[in-house]
Number of protein chains: 2
Amino acid sequence: MKLAIYGYGNIGRGVEAAVRQNPDMTLTGVFTRRDPAAVKTKTGVPVYAAADILQHKADIDVLVICGGSATDLPVLTPMLAKDFNVVDSFDTHARIPEHFAAVDATARAGGHTALISGGWDPGMFSLNRLYANAILPQGSDYTFWGRGVSQGHSDAVRRIPGVADARQYTVPVPEALEAVRAGKCPELTTRQKHTRECYVVAEEGADKAAIEQAIKTMPNYFDEYDTTVTFITAEEMARDHSELPHGGFVIRTGVSGLHNEHTHTIEYRLNLDSNPEFTALVLVALARAVGKHASRGDYGCKTVFDLAPADLSPLTAEELRAHML
Amino acid sequence: MKLAIYGYGNIGRGVEAAVRQNPDMTLTGVFTRRDPAAVKTKTGVPVYAAADILQHKADIDVLVICGGSATDLPVLTPMLAKDFNVVDSFDTHARIPEHFAAVDATARAGGHTALISGGWDPGMFSLNRLYANAILPQGSDYTFWGRGVSQGHSDAVRRIPGVADARQYTVPVPEALEAVRAGKCPELTTRQKHTRECYVVAEEGADKAAIEQAIKTMPNYFDEYDTTVTFITAEEMARDHSELPHGGFVIRTGVSGLHNEHTHTIEYRLNLDSNPEFTALVLVALARAVGKHASRGDYGCKTVFDLAPADLSPLTAEELRAHML
């Protein structure tokens with residue numbers, strides 16, 4: 001299977017590394033909207049101008065589109081699904097139905113298969129919500145994120161005057177997690193579920209008290225949370241906060257028996273050293289399934305809910321039944 | 001969707017309760033090889049003789065076959081798949097390929113859809129092994145069972161002379177679990193992964209030391225484990241050990257990055273008050289998917305690997321995308 005990458009940021013580089021773990025795949029190119037001469041891939045894969053991508057159709061079975069959900073993917077995925085089988089990681093939950101409709105229309109018109117909203121949330125977390133809800137119809141869902149870096153919250157802190165750099169970690173509250181696991185079905189406020197930890201490099205002479213106050217009272221981002229702010233040096237930031245770890249928990253508790261007398265807990269947990277590299281590994285497995293659907297003539301837009309698990313694996317159905325069931 | 005149950009033991013009763021949590025389903029009958037007059041269902045569902053099942057074809061969209069894997073299911077599922085869409089919980093891992101082939105042949109010949117090896121292991125644990133392996137090609141798999149009652153091990157203890165009753169719990173070793181979760185990829189012996197706890201009611205005047213010795217040295221069942229034996233009264237057995245809890249952990253740790261510099265852990269955990277009732281809830285969700293495949297004319301034998309997650313849910317594709325992705 002010949003894969004190509006459209007957009008060479010953190011996730012694009014993750015896909016480049018992920019393909020090397022999948023011997024049934026080859027990476028044939030990276031497409032960029034920047035000057036291709038200015039982009040150097042980590043493994044020597046050729047870089048082409050995004051504008052020239054139609055010339056490379058024969059070398060691309062599935063195109064992994066690595067762009068932002070705010071402005072890139074709503075335009076790119078419908079556009080590219082007309083000519084390519086594609087995978088994206090569109091993660092604006094509220095706009096998924098509209099994105100799905102746009103991609104489905106162009107993919108069907110072009111006779112291609114598309115998978116939107118791949119990754120871990122949406123993605124693996126969604127799958128686990130679905131399975132757990134199907135198994136335990138009478139129950140409660142809980143999702144906890146972290147401990148991990150939220151890029152959106154880090155960016156929000158960086159925009160505060162006097163902030164040179166910032167990193168924000170989302171942290172699940174251990175007591176809340178334990179109450180959920182114990183099947184107590186707690187009603188949890190935003191504040192009771194997660195805390196937020198900010199590490200901030202202040203500019204020379206900046207008013208640190210004012211920065212801390214600005215963070216803690218920032219509407220939507222921080223005001224509903226217990227937030228801690230720690231000022232550190234640029235050296236400490238580079239040394240201790242250069243990675244992008246993340247993860248979280250999807251938990252559903254439910255009951256069974258004629259009198260709901262038994263309680264069950266289903267928990268799915270991710271602990272990730274690198275959010276973009278793990279997302280890329282998921283996208284590559286999904287690309288395999290997209291390629292299989294396309295080769296069967298099953299076109300249009302899909303989500304993780306529509307893919308049989310076997311299609312994500314390089315193993316045959318016989319191998320899976322013999323060794324993994 | 002009209003469901004029926006074939007075999008009214010622990011899992012059959014679990015299916016009876018599970019159907020009540022799924023408003024899109026109706027339970028139309030229980031089929032038994034015993035005298036139907038001697039079987040009384042918990043919810044008043046009619047009981048019929050297994051031999052008469054063909055007379056009820058019009059009332060059965062999917063038949064959930066609840067029998068033992070050793071001798072019942074290898075005969076029943078191929079036989080019934082000729083005339084019905086069926087679901088079973090065949091759990092003899094080594095014989096799955098052979099069972100699949102037998103069921104596939106009769107299901108195709110009869111124009112029906114069958115799902116074998118549903119439940120949680122095989123079943124949900126298998127699914128999680130597959131997804132985690134597809135996402136993290138370079139990694140290690142670990143499965144821990146428990147804390148839970150192993151019926152096979154309990155039966156083995158009951159066969160020892162002088163034992164009136166027994167219950168065996170399989171317990172994961174916490175240190176092993178922590179080492180795996182920490183991404184240390186330990187090589188674990190059988191003894192290092194699980195301990196076994198036996199609660200035994202001895203017959204009047206029985207030699208308890210001899211019983212304990214017989215348990216701890218029993219080949220295959222106990223000799224490779226650290227086993228504790230606790231003698232209790234029949235009253236304590238009834239009071240403290242009448243339930244069938246179980247569960248466990250499927251964990252895969254793997255690496256990413258060009259130099260394998262990042263580690264990721266995927267963990268799926270079940271904590272179940274009632275093993276048979278949870279198994280039944282899974283079987284019912286799978287029966288929904290089987291019904292959908294059959295109505296599309298997609299016949300033959302399937303496993304959990306072949307079913308798109310959306311087919312397990314009563315929600316529409318639009319609802320799933322809007323609310324669960």
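Residues numbered from 1 in each chain as written. Chains lettered and ligands numbered in written order. Predicted model: local features only at pLDDT ≥ 70, side-chain atom pairs only at ≥ 80, totals over all residues. Heavy atoms only, no water.

With respect to the overall build of chain A
Then step 1. Each helix and strand counted, chain A has 11 helices and 14 strands in total.
Then step 2. Taking the principal axes of the C-alpha coordinates as reference, chain A spans close to 65 × 60 × 35 Å.
Then step 3. Expressed as a percentage of its 325 residues, the buried residues of chain A come to 57%.
Then step 4. Contacts in chain A between residues far apart in sequence, at least 24 positions, make up 68% of those at least 6 positions apart.
Then step 5. With an accessible surface of roughly 13,000 Å², chain A has 50% of that area assigned to carbon and sulfur atoms.
Then step 6. A gap of 3 Å separates the mean positions of the 31 positive and 40 negative side-chain charges of chain A. (Helix = DSSP H or I, 4+ residues; strand = E, 2+ residues; numbered from the N terminus. Buried < 20%, exposed > 50% of the residue type's maximum accessible area, 1.4 Å probe, protein only. Contact = heavy atoms within 4.5 Å. Areas by Shrake-Rupley, 256 points an atom, 1.4 Å probe, with all protein chains shown as cover. Lys, Arg positive; Asp, Glu negative; His and termini not counted. Charge placed at Lys NZ, Arg CZ, Asp CG, Glu CD.)

Let's talk about the relation of the copies chain A and chain B
Then step 1. Once chain A has been moved 0.0 Å along the axis and rotated by 180 degrees, it coincides with chain B to within an RMSD of 0.0 Å. A rotation of that kind, with that shift, is consistent with a two-fold axis. (Least-squares fit on C-alpha atoms with pLDDT ≥ 70 in both.)

Regarding helix α4 (residues 124-135) of chain A
Then step 1. Taking 1.5 Å per residue as the helical rise, α4 of chain A with its 12 residues ought to reach 16 Å, and the 17 Å between its terminal C-alpha atoms agrees with that figure.
Then step 2. Residues of α4 of chain A that are buried: M124, F125, S126, L127, N128, R129, L130, Y131, A132, N133, A134 and I135 of chain A. (Expected span 1.5 Å × (residues − 1).)

Thoughts on unusual backbone geometry
Residue and element names in this part refer to chain A.
Then step 1. Cis rather than trans, the peptide bond between D121 and P122 has omega equal to 5 degrees.
Then step 2. With an omega dihedral of 0 degrees, the bond running from G146 to R147 counts as a cis peptide bond.
Then step 3. Within the secondary structure layout, R147 lies in the loop between β7 (139-145) and β8 (148-149).
Then step 4. Backbone geometry at S117 places phi at a positive 60 degrees, although glycine is not the residue there.
Then step 5. In this structure, S117 sits in the loop between β6 (113-115) and α4.

Describing the environment of T227 of chain B
Residue and element names in this part refer to chain B.
Then step 1. Following the sequence through the fold, T227 ends up in strand β11 (residues 226-231).
Then step 2. Sequence separation between T227 and I215 is 12 residues; the distance between their C-alpha atoms is 8.3 Å.
Then step 3. Ignoring any residue separated from it by four or fewer positions in sequence, one finds T227 in contact with R196, C198, I215, K216 and F222.

Examining helix α3 (residues 96-110) of chain A
Then step 1. Compared with the 21 Å implied by 1.5 Å per residue over 15 residues, the 21 Å span of α3 of chain A between its first and last C-alpha is a close match.
Then step 2. Within the sequence span of α3 of chain A, burial applies to I96, H99, F100, V103, D104 and A107 of chain A. For α3 of chain A, the angular spread of buried residues about the axis comes to 130 degrees, placing them on one side.
Then step 3. In the core, the buried residues of α3 of chain A are packed alongside α2 (72-81), β6 and β14 (300-302) of chain A together with α11 (317-323) of chain B.
Then step 4. The first or second residue beyond α3 of chain A is G111 of chain A, which carries a positive phi of 70 degrees. (Arc of directions from axis to C-beta.)

Considering the confidence of the model for chain A
Then step 1. Looking at chain A, the pLDDT average stands at 97 and 100% of residues meet or exceed 70.
Then step 2. Interface scoring of the predicted complex returns ipTM 0.97; its pTM is 0.97. (pLDDT = per-residue confidence, 0-100.)

Observations regarding the interface of chain A and chain B
Then step 1. The interface is formed by 67 residues belonging to chain A together with 67 residues belonging to chain B.
Then step 2. Here chain A meets chain B over a buried area of about 6,000 Å², counting both sides, of which 65% is carbon and sulfur.
Then step 3. Among the residues chain A hides against chain B, the three largest losses belong to Q21, R321 and L325 of chain A. Together they make up 14% of the total.
Then step 4. At the junction of chain A and chain B, the tally comes to zero salt bridges.
Then step 5. Our enumeration of links across chain A and chain B arrives at 29 residue pairs in polar contact (both at pLDDT 80 or more).
Then step 6. For the side of chain A that touches chain B, the secondary-structure elements that each account for two or more residues are α3, α4, β12 (246-256), β13 (262-272), α10 (275-295) and α11 (317-323) of chain A.
Then step 7. For the side of chain A that touches chain B, the leading source of residues is β13 of chain A, giving 11 residues.
Then step 8. Considering only residue class, the side of chain A that touches chain B consists of 34 nonpolar, 20 polar and 13 charged.
Then step 9. Pairing of β13 of chain A with strand β13 (residues 262-272) of chain B, which is carried by nine bridges, proceeds in the antiparallel orientation. What sits directly across from L270 of chain A, in β13 of chain B, is I266 of chain B. (Buried area = accessible area lost by both parts, 1.4 Å probe. Salt bridge = Lys/Arg side-chain N within 4 Å of Asp/Glu carboxyl O. Polar contact = N/O pair within 3.5 Å; in protein donor to acceptor, adjacent residues only side chain to side chain. Nonpolar A, V, L, I, M, F, W, Y, C, P; charged D, E, K, R; others polar. Pairing = 2+ DSSP bridges.)

Here's the deal with the sheet that holds strand β10 (residues 194-202) of chain B
Residue and element names in this part refer to chain B.
Then step 1. Taken in spatial order, the four strands of this open sheet run β8-β9-β10-β11, and their pairing is mixed. Across the chains shown, the open sheet's two edge strands, defined by having one partner strand only, are β8 (148-149) and β11.
Then step 2. The pairing of β10 with β11 spans six bridges and is classified as parallel. Along β11, the bridge assignment pairs R196 with T227.

Let's talk about the environment of I116 of chain A
Residues and elements named next belong to chain A.
Then step 1. Inspection of the secondary structure puts I116 in the loop between β6 and α4.
Then step 2. Judged by its relative accessible area of 0%, I116 is buried.
Then step 3. Spatially, the C-alpha atoms of I116 and T77 are 8.3 Å apart, while their sequence positions differ by 39 residues.
Then step 4. Filtering out sequence-adjacent residues up to four positions away, I116 remains in contact with T77, D88, I96, H99, F100, V103, C301, K302 and T303.

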